[in-house]
Amino acid sequence: MKQSPEIFFKEEQLEEIYLKKDGIKVPTNQTQYTFDTKDNLDLFIKNQFPTDKEYSDYKEYRRLWHYRAKNFDPGEFPLAVCAELVSTCNLSCGMCYTITDEFKNTVLGAQRMLPWNIVKNIIDECAEMGVYSMLFSWRGEPTLYKSKDENGKTVNIADVFRYARKKGILEITAITHGQEINEKLAKDIIDAEPSWLSFSFDGIKEKYNAIRTPTKWKGKNYDAFGVVTKNIKKFIEIRNEQKKTRPQVRSNTIFPPIAHNPQEYYDTLKKLGVDMVTVNELLDLRDGKPKDEMINMDWACQYPFQRLSVSANGVILPCTGAHKEEEGLVLGLYEGTPQKKLRHVDGSFQEGNLDHHTIKSVWRSEKLERIRYLHKNGRRCEIQPGCRNCSHGVKKFGHQRLHEKRWSEKEQAWTSKQRHG
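Visitor: Explanation requested: the overall build of the chain in the structure shown.
Guide: Within the chain, the secondary structure is distributed over 12 helices and 16 strands. Here the chain has a C-alpha radius of gyration of 20 Å; the compact-globule value for 421 residues is 22 Å, and the two agree. The dimensions of the chain, computed from C-alpha atoms along their principal axes, are 55 × 50 × 45 Å. Expressed as a percentage of its 421 residues, the buried residues of the chain come to 58%. Accessible surface, the chain as shown: approximately 18,600 Å² in total, 49% of it carbon and sulfur. When the 67 basic and 58 acidic side-chain charges of the chain are each reduced to a single mean position, those positions are 2 Å apart.

Next up, the structure:
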């Protein structure tokens, strides 16, 4: 019997196994929901890890993901590392923090692409330590990545995927808007075999165009929806023609643009061949700080015990929630990155030089251990600027929250620049 799509958190059983009834809560499922069938979710995972060894290693990785968070146990190395290839984007989506004044102030004049030699060094180190998962995107559009290798040859995102696969990284991933993936790049990416590629696909037709029309084409005769659907369909056709199961293709949307007809959205993505559909609660990431009443005081973040991020600027941070590279969360610079001055959200410069680190040395650094200690003891709000203002630590209301009167149905954007709560 054919299953109907449901909206649920993945790995709910692992969440329950390590759930603590008392004390500080460390949820490991928060804002992203699977919007698909459980059979499709199982197939999505199995197709990424076709051998018994890979599948077994993936299961252990996911067990540790929940175990470490619930037990405040960082282990000897991060389970996952984000190496941000690009911090700039050619879109300006209405819900995204990259269009806020605070974010623009912090990245003004910063290096926007991570040099190839640094990318290779990070991958090498992760492979040596046994890091399970690497994400090669964060705040920007990773398919824009261009760098030079030691021979002066241009490298792109497919070269990054290929190198990570060669070095034995188990899970290799990136998130893209997909509008820059032409047929040649599609073939190169598929040949490199990342585990999955997630397409940020908010709504369909006019709703998608309202959100994801490239900045230079806004107000002009340009059908971004037509471009991305063509690209995704061709991408999946090429993969299937080559009889490959990697990369699996995922889509993700915020809920408001699909609120009136979620099934139509799901059917549209499935007709393109998308393997897994997901949906996110719309978080308020505008300028300003969350109000005290919006903050979960008995909450601790999972990420300092699971992962690290290296920005395109070479800055090491404990999580992808630190998108403004705030002083309270900056752990240092990745080894080989030139010394630089970082900016506060008001555009002023932070004082002092930053220490240089490897992934291994920063994982047990004094500052990161202090961040963990404060989270474990219910004192994360002392990390300011930083964790006190993070959207992960505010109260959640479920994927169906629409932010009525604050989110424009017509424009598919916030109605003001300042956050509400």
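Read on for the rest.
Visitor: Got a minute to help me understand empty space enclosed by the protein in this structure?
Guide: One pass over the structure, following the stated rule, counts 3 cavities of 30 Å³ or more. Taken as a whole, the second largest cavity holds about 160 Å³ of empty space. If you go around the second largest cavity, you meet 18 residues; those closest to its centre are His-323, Lys-324, Asn-389, Cys-390 and Arg-419. Its residues placed into classes, the lining of the second largest cavity shows 5 nonpolar, 7 polar and 6 charged.

Visitor: It is not clear to me how the side chain of His-323 should be interpreted in this structure. Could you clarify?
Guide: Relative to the helices and strands, His-323 resides in the loop between strand E12 (315-317) and strand E13 (332-334). His-323 gets classed as buried once you look at its relative accessible area, which sits at 10%. If we skip the residues at most four places from it in the chain, His-323 touches Tyr-97, Phe-103, Trp-138 and Arg-139.

Visitor: Can you help me understand the sheet that holds strand E2 (residues 32-36) in this one?
Guide: Note on sheets: strands pair through backbone hydrogen bonds, and any given pair is parallel or antiparallel. The strand order E1-E2-E10-E9-E8-E7-E4-E3-E11-E12-E13-E14 describes an open sheet built from 12 strands, whose pairing is mixed. The sheet terminates laterally at strand E1 (6-8) and strand E14 (356-357), the two strands that pair on one side only. In terms of strand pairing, strand E8 (residues 196-200) meets strand E9 (residues 248-254) through 5 bridges, oriented parallel. Paired with Ser-200 across the two strands is Asn-252, which belongs to E9.

Visitor: Whenever I open this one, the layout of surface pockets confuses me. Can you help?
Guide: Empty space among the atoms becomes visible once a probe the size of a water molecule is rolled across them. Estimated volume of the largest pocket: approximately 400 Å³. Lining the largest pocket are 16 residues, and of these Glu-11, Gln-13, Leu-41, Asp-42 and Lys-59 lie nearest its centre. With 5 residues, helix H2 (residues 38-48) is the largest single contributor of residues to the lining of the largest pocket. Considering only residue class, the lining of the largest pocket consists of 7 nonpolar, 1 polar and 8 charged.

Visitor: Would you take a moment to explain the nonpolar core for this structure?
Guide: Soluble globular proteins tend to bury their nonpolar side chains together. Counting residues in hydrophobic clusters, the biggest one holds 103 residues, and the most contacted among them are Ile-122, Phe-136 and Phe-201. With residues up to four places along the chain from it excluded, the contact list for Ile-122 reads Val-81, Ala-83, Leu-114, Met-134, Val-310 and Tyr-334. Core analysis: the next-biggest nonpolar cluster, separate from the first, contains 8 residues, Cys-93, Ile-254, Leu-282 and Trp-414 among them.

Visitor: I tried to follow the pairing of strand E3 (residues 80-83) on my own but got confused; where do I start?
Guide: Two faces, one strand: in a regular strand the side chains alternate between the faces of the sheet. Burial of E3 is two-sided: the residues Ala-80 and Cys-82 facing one way and the residues Val-81 and Ala-83 facing the other way are all buried. Relative to strand E4 (residues 133-135), E3 runs parallel, the two being bridged by 3 bridges. Paired with Ala-80 across the strands is Ser-133, a residue of E4.

Visitor: So what exactly am I meant to see when it comes to the state of the cysteines here?
Guide: Each disulfide consists of one covalent bond between the sulfur atoms belonging to two cysteines. Tallying each qualifying case throughout the model produces 0 disulfides. Just so you know, Cys-301 is unpaired, no disulfide at all, and the nearest cysteine sulfur is the one on Cys-319, 5.5 Å from it.

Visitor: Teacher, can you tell me more about the environment of Asp-355 here?
Guide: Along the chain, Asp-355 turns up in the loop between E13 and E14. Separated by 255 residues in the primary sequence, Asp-355 and Thr-100 place their C-alpha atoms 28 Å from one another. Ignoring anything within four residues of it in the chain, the contact list for Asp-355 reads Gly-332 and Leu-333.

Visitor: Explanation requested: the pattern of salt bridges in the structure shown.
Guide: Opposite charge on two side chains makes pairing possible when the charged atoms of those side chains draw close. With the rule as written, the count across this model stands at 27 salt bridges. Here Glu-102 and Lys-324 are joined by a salt bridge, their closest N and O atoms 2.7 Å apart. Of this pair, Glu-102 sits in helix H4 (residues 101-107) while Lys-324 is found in the loop between E12 and E13, placing the two residues 222 residues apart along the sequence. On the basis of relative accessibility, which here comes to 17%, the residue Glu-102 falls in the buried class. Two residues, Arg-364 and Glu-369, come together in a salt bridge whose shortest N-O distance is 2.8 Å. Here the salt bridges share partners, and the residues they tie into one network are Glu-54, Glu-193, Lys-244 and Arg-246.

Visitor: Just checking my understanding: could you explain the pairing of strand E10 (residues 276-280) for this structure?
Guide: Most of E10 sits inside the fold, with 5 of its 5 residues counted as buried. Because side chains alternate across E10, one face comprises the buried residues Met-276, Thr-278 and Asn-280, and the other comprises Val-277 and Val-279, equally buried. By the bridge criterion, 3 bridges tie E2 to E10 in an arrangement that is antiparallel. When the bridges of E10 are listed, Thr-34 appears paired with Thr-278.

Visitor: I keep staring at the packing of helix H7 (residues 183-192) against helix H9 (residues 224-241) and nothing clicks. Help me out?
Guide: When two helices pack together, you describe them by how their axes are tilted relative to each other and by the distance separating the axes. Relative to each other, H7 and H9 sit at 45 degrees, their axes nearing to 10 Å. Taken together, the axis directions place H7 and H9 in an arrangement best described as oblique. You can see that H7 and H9 cross each other, and the crossing is right-handed. Only Lys-234, Phe-235, Ile-238 and Arg-239 of H9 make contact with H7, whose side of the interface consists of Glu-183, Ala-186, Lys-187, Ile-189 and Ile-190. For the contact of H7 with H9, the per-class residue count stands at 5 nonpolar, no polar and 4 charged.

About the thresholds
- Residues numbered from 1 in each chain as written.
- Predicted model: local features only at pLDDT ≥ 70, side-chain atom pairs only at ≥ 80, totals over all residues.
- Heavy atoms only, no water.
- Helix = DSSP H or I, 4+ residues; strand = E, 2+ residues; numbered from the N terminus.
- Rg over C-alpha atoms; globule rule 2.2 N^0.38 Å.
- Buried < 20%, exposed > 50% of the residue type's maximum accessible area, 1.4 Å probe, protein only.
- Areas by Shrake-Rupley, 256 points an atom, 1.4 Å probe, with all protein chains shown as cover.
- Lys, Arg positive; Asp, Glu negative; His and termini not counted.
- Charge placed at Lys NZ, Arg CZ, Asp CG, Glu CD.
- 1 Å grid on protein atoms, 1.4 Å probe; cavity = no way out; pocket = protein on both sides within 12 Å on 5 of 7 lines; lining within 4 Å.
- Points joined across faces, edges and corners; volume = space filled by probe spheres on them.
- Nonpolar A, V, L, I, M, F, W, Y, C, P; charged D, E, K, R; others polar.
- Contact = heavy atoms within 4.5 Å.
- Pairing = 2+ DSSP bridges.
- Core = buried A, V, L, I, M, F, W, Y, C linked by side-chain atoms within 4.5 Å.
- Disulfide = S-S within 2.5 Å.
- Salt bridge = Lys/Arg side-chain N within 4 Å of Asp/Glu carboxyl O.
- Axes fitted to C-alpha atoms, helices over the stretch in contact; angles between N-to-C directions.
- Parallel < 35°, antiparallel > 145°, perpendicular 65-115°, else oblique.
- Left-handed = near helix turned anticlockwise from the far one by under 90°.

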